[in-house]
Amino acid sequence: MAKQETDRTTLDLFADERRRGRPKTNPLPREVQLKYNKRNQLKRDRERGLSRIELKVDQELLNRLNILAAEQQLSRADLIHALLLQQLELQDSQ
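**Some points on the side chain of Gln-33**
Item 1. Mapping Gln-33 onto the fold places it in helix α1 (residues 30–47).
Item 2. Looking at Gln-33, its side chain comes within polar contact range of the main-chain oxygen of Leu-28, at 2.7 Å.
Item 3. Residues in contact with Gln-33, not counting those within four places in the same chain, are Asn-26 and Leu-28.

Here it is as structure tokens:
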């Protein structure tokens, strides 16, 4: 019988395998953990009313955003959010 990576009931199938280093605290491989974490993060964001947008920028603009965010002690996402709101308010006032 083959072991399913997401199977939490038959984890003892390979319990006798010894590995070096810190013992695993999660029975799932890292790839599966990351997938679950990302799914849960997106779910939490949707519940908070947030939507994801993607933006590609050149390295120079990214560096400037990082510097400005560090100066204002904000995350880059919070900085971009503030800049977008500021621009929209300017557009509305014209």
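Once the structure has been displayed, the description carries forward.
**What about the packing of helix α2 (residues 59–71) against helix α3 (residues 76–93)?**
Geometry of a packed helix pair, given as the angle between the helix axes and the separation of the axes.
Item 1. Taken N-terminus to C-terminus, the directions of α2 and α3 make an angle of 95°; their axes are 9 Å apart at the nearest point. As summarised for this structure, α2 and α3 are arranged roughly perpendicular, according to the angle between their axes. Listed contacts from α3 to Leu-62, Leu-65, Asn-66, Leu-68 and Ala-69 of α2 are Arg-76, Leu-79, Ile-80 and Leu-83.

**Overview of unusual backbone geometry**
Item 1. The phi angle at Gln-73 is positive, at roughly 55°, despite the residue not being glycine.
Item 2. Positionally, Gln-73 belongs in the loop between α2 and α3.
Item 3. According to the relative accessible area criterion, Gln-73 is exposed, its value standing at 72%.

Cut-off values and rules
Residues numbered from 1 in each chain as written. Predicted model: local features only at pLDDT ≥ 70, side-chain atom pairs only at ≥ 80, totals over all residues. Heavy atoms only, no water. Helix = DSSP H or I, 4+ residues; strand = E, 2+ residues; numbered from the N terminus. Polar contact = N/O pair within 3.5 Å; in protein donor to acceptor, adjacent residues only side chain to side chain. Contact = heavy atoms within 4.5 Å. Axes fitted to C-alpha atoms, helices over the stretch in contact; angles between N-to-C directions. Parallel < 35°, antiparallel > 145°, perpendicular 65-115°, else oblique. Buried < 20%, exposed > 50% of the residue type's maximum accessible area, 1.4 Å probe, protein only.

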